[in-house]
Amino acid sequence: MKKKWMKSLRMVLVALALALLGLAGCSTEEPKEEKGGASGTVETVKDQFPITFKDESGQKVTIKEKPQKIVSVLPSTTETLFALGLDKEITGVSDFDNYPKQAAEKQKVGSQDINLEAVLSLAPDVAFISEYHAKSHADMVKQMQDAGIAIVVNKTSQNSFSDTYKSIEMIAKATGTEKQAAAIIDQMKNKVEAIKEKAKEVKEKKLVWTETSPQPDIYTAGKHTFVDEMLTIIGAENLAASQDGWVKMNEEEVVKLNPDVIITTYGYYVPDAKKQVLSRQGWQEVQAVKDKQVYDVNSDLVSRPGPRLADGLEALAKAVYPDVYQ
């Protein structure tokens, strides 16, 4: 009788153990979550794919698995993807991608006009495009989607550091690199805050005129641009702050504004941009020209909404206030 009871007990224990193993194998427990990222976003420890989110056009995008092949038709997005450590996954980039140097080794897939054949030949899991592409090349975008490519739209109208942080976060969400994005954003914010702190040392606010294109069509950066926000952060005054966006201005108006400093951003295609400004007829009484306070800043650094934007802020600060930002 005792043997029979012991046998029954062993059978119960074995059955219980098997049941526990079965439960462990098909557990429905939610994956652990941990807080991370500069904006306090939540990142799951386990693989978060499939994932559905809204891109910057407001459209819902579903990505089933972590992308293994990525195409970007925006230089700022390409820079962000590389910064997120996705060199191997990036298979195609825009014709104008020039940073980092590895971008030059990737296949070019067009710019404003996407080379559909090139994109389809690469068979990417995800393609990052702009609002312009989405609106102007809707048929082409549809063909890419029909080929199984997830389309993520990035705005080209970002005009603040806040917008840039959000863009980096969205790109990271689409590629499963949110932890890397948090580190990048933290680094950018730290640099911006350090520069803001330094700005308290500025004793006399300088009047700054910026040019994004030279004579005869001189364009400048008004409010709602990165340059305007940057000048405010470093403690300078943007002489075009009354204008909205990127605007063309008459030379006589600029001369009357009499800037203390002139910043150009077209030195990458105009040889000796500083000399070109200093030798202009009718500008010899402008304070910046008299004092030779004309400097060229890398256009990409102050116009691309990506990880190098804080570097652009630093470059602008050193040009305008070299004694403060050393």
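Residues numbered from 1 in each chain as written. Predicted model: local features only at pLDDT ≥ 70, side-chain atom pairs only at ≥ 80, totals over all residues. Heavy atoms only, no water.

1. A look at the overall build of the protein
Move 1: Looking only at helices and strands, one finds 13 helices and 15 strands in the protein.
Move 2: Across the protein, contacts joining residues at least 24 apart in sequence account for 63% of those joining residues at least 6 apart.
Move 3: Carbon together with sulfur atoms contributes 52% to the accessible area of the protein, which is approximately 17,900 Å² in total. (Helix = DSSP H or I, 4+ residues; strand = E, 2+ residues; numbered from the N terminus. Contact = heavy atoms within 4.5 Å. Areas by Shrake-Rupley, 256 points an atom, 1.4 Å probe, with all protein chains shown as cover.)

2. Here we look at unusual backbone geometry
Move 1: Following Tyr99, the chain continues to Pro100 via a peptide bond in cis, the omega torsion being -5 degrees.
Move 2: Take Pro100: it is sitting in the loop between β6 (90-93) and β7 (107-108).
Move 3: Between Gln215 and Pro216 the backbone carries a cis peptide bond, its omega angle lying at 0 degrees.
Move 4: Within the fold, Pro216 resides in the loop between β10 (207-211) and β11 (219-221).
Move 5: Even without being glycine, Asn258 reaches a positive phi, approximately 50 degrees.

3. Points about helix α13 (residues 309-320)
Move 1: Its 12 residues place the ends of α13 17 Å apart at the C-alpha level, agreeing with the 16 Å of an ideal helix rising 1.5 Å per residue.
Move 2: Considered for burial, the residues of α13 that qualify are Leu309, Ala310, Gly312, Leu313, Leu316, Ala317, Ala319 and Val320. (Expected span 1.5 Å × (residues − 1). Buried < 20%, exposed > 50% of the residue type's maximum accessible area, 1.4 Å probe, protein only.)

4. Thoughts on the sheet that holds β7
Move 1: Strand order across the open sheet formed by 5 strands is β7-β6-β5-β8-β9, with parallel pairing between neighbours. This sheet does not close on itself; its edge strands, each paired only once, are β7 and β9 (150-154).
Move 2: Of the pairings in the sheet, the one linking strand β5 (residues 70-72) to strand β8 (residues 126-130) comprises 3 bridges and is parallel in character. Bridge pairing links Val71 to Ala127 in β8.
Move 3: Contacting β5, β8 and β9, helix α6 (residues 161-175) crosses the sheet at an angle of about 170 degrees to β9. (Pairing = 2+ DSSP bridges. Axes fitted to C-alpha atoms, helices over the stretch in contact; angles between N-to-C directions.)

5. Focus: the packing of aromatic side chains
Move 1: Overall, the coordinates contain 4 aromatic pairs when judged by the stated rule.
Move 2: Note on Phe161 and Tyr165: the rings are 6.3 Å apart at their centroids and 45 degrees apart in plane angle, and the pair reads as tilted. Here Phe161 pairs with Tyr165, and both are found in helix α6, just 4 residues apart, close to one helical turn.
Move 3: For Phe161, a relative accessible area of 4% translates into the label buried.
Move 4: Taking relative accessible area as the criterion, Tyr165 reaches 11% and is therefore assigned buried. (Phe/Tyr/Trp six-rings, centres within 6.5 Å; stacked < 30°, edge-to-face > 60°.)

6. As for the pattern of salt bridges
Move 1: Following the criterion strictly, the structure yields 13 salt bridges and no others.
Move 2: Here Lys200 makes a salt bridge to Glu197, at a shortest N to O gap of 3.2 Å.
Move 3: The residue Arg304 makes a salt bridge to Asp300 at a minimum N-O spacing of 3.5 Å.
Move 4: With a relative accessible area of 12%, Arg304 lands in the buried category.
Move 5: Since its relative accessible area comes to 18%, Asp300 is described here as buried.
Move 6: Here the salt bridges do not stand alone but share partners, grouping Glu79, Asp300, Arg304 and Arg308 into one network. (Salt bridge = Lys/Arg side-chain N within 4 Å of Asp/Glu carboxyl O.)

7. What about the sheet that holds strand β12 (residues 237-238)?
As a general point, the strands of a sheet are linked pairwise by backbone hydrogen bonds and lie either parallel or antiparallel.
Move 1: In spatial order, the strands read β12-β10-β14-β15; together these 4 strands make up an open sheet with parallel pairing. Of all strands in the sheet, those with a lone pairing partner are β12 and β15 (294-296), marking the two edges.
Move 2: By the bridge criterion, 3 bridges tie strand β14 (residues 261-264) to β15 in an arrangement that is parallel. Across the sheet, the residue bridging to Ile263 is Tyr295, located in β15.

8. Observations regarding the confidence of the model for the protein
Move 1: Summary statistics for the protein give a mean pLDDT of 88 and a share of 86% for residues scoring 70 or more.
Move 2: pLDDT under 50 marks residues 1-46. Its contacts with residues more than four places away, or in other chains, come to 22 contacts. (pLDDT = per-residue confidence, 0-100.)

9. Some points on the packing of helix α7 (residues 178-199) against α13
Move 1: For the pair α7 and α13, the least separation of the axes is 9 Å and the interaxial angle reads 20 degrees. The orientation of α7 with respect to α13, classified from their angle, is roughly parallel. As α7 packs across α13, the resulting crossing turns out to be left-handed. In this structure, α7 contributes Met188, Lys191, Val192 and Ile195 to the contact, and α13 contributes Leu309, Ala310, Asp311, Leu313 and Glu314. (Parallel < 35°, antiparallel > 145°, perpendicular 65-115°, else oblique. Left-handed = near helix turned anticlockwise from the far one by under 90°.)

10. Some thoughts on the pairing of strand β3 (residues 51-54)
Move 1: The side-chain alternation of β3 yields one buried face, formed by Ile51 and Phe53, and one unburied face, formed by Thr52 and Lys54.
Move 2: Sheet topology places β3 next to strand β4 (residues 60-63); 4 bridges connect them, and they run antiparallel. Among the inter-strand pairings, Lys54 is bridged to a residue of β4, identified as Lys60.

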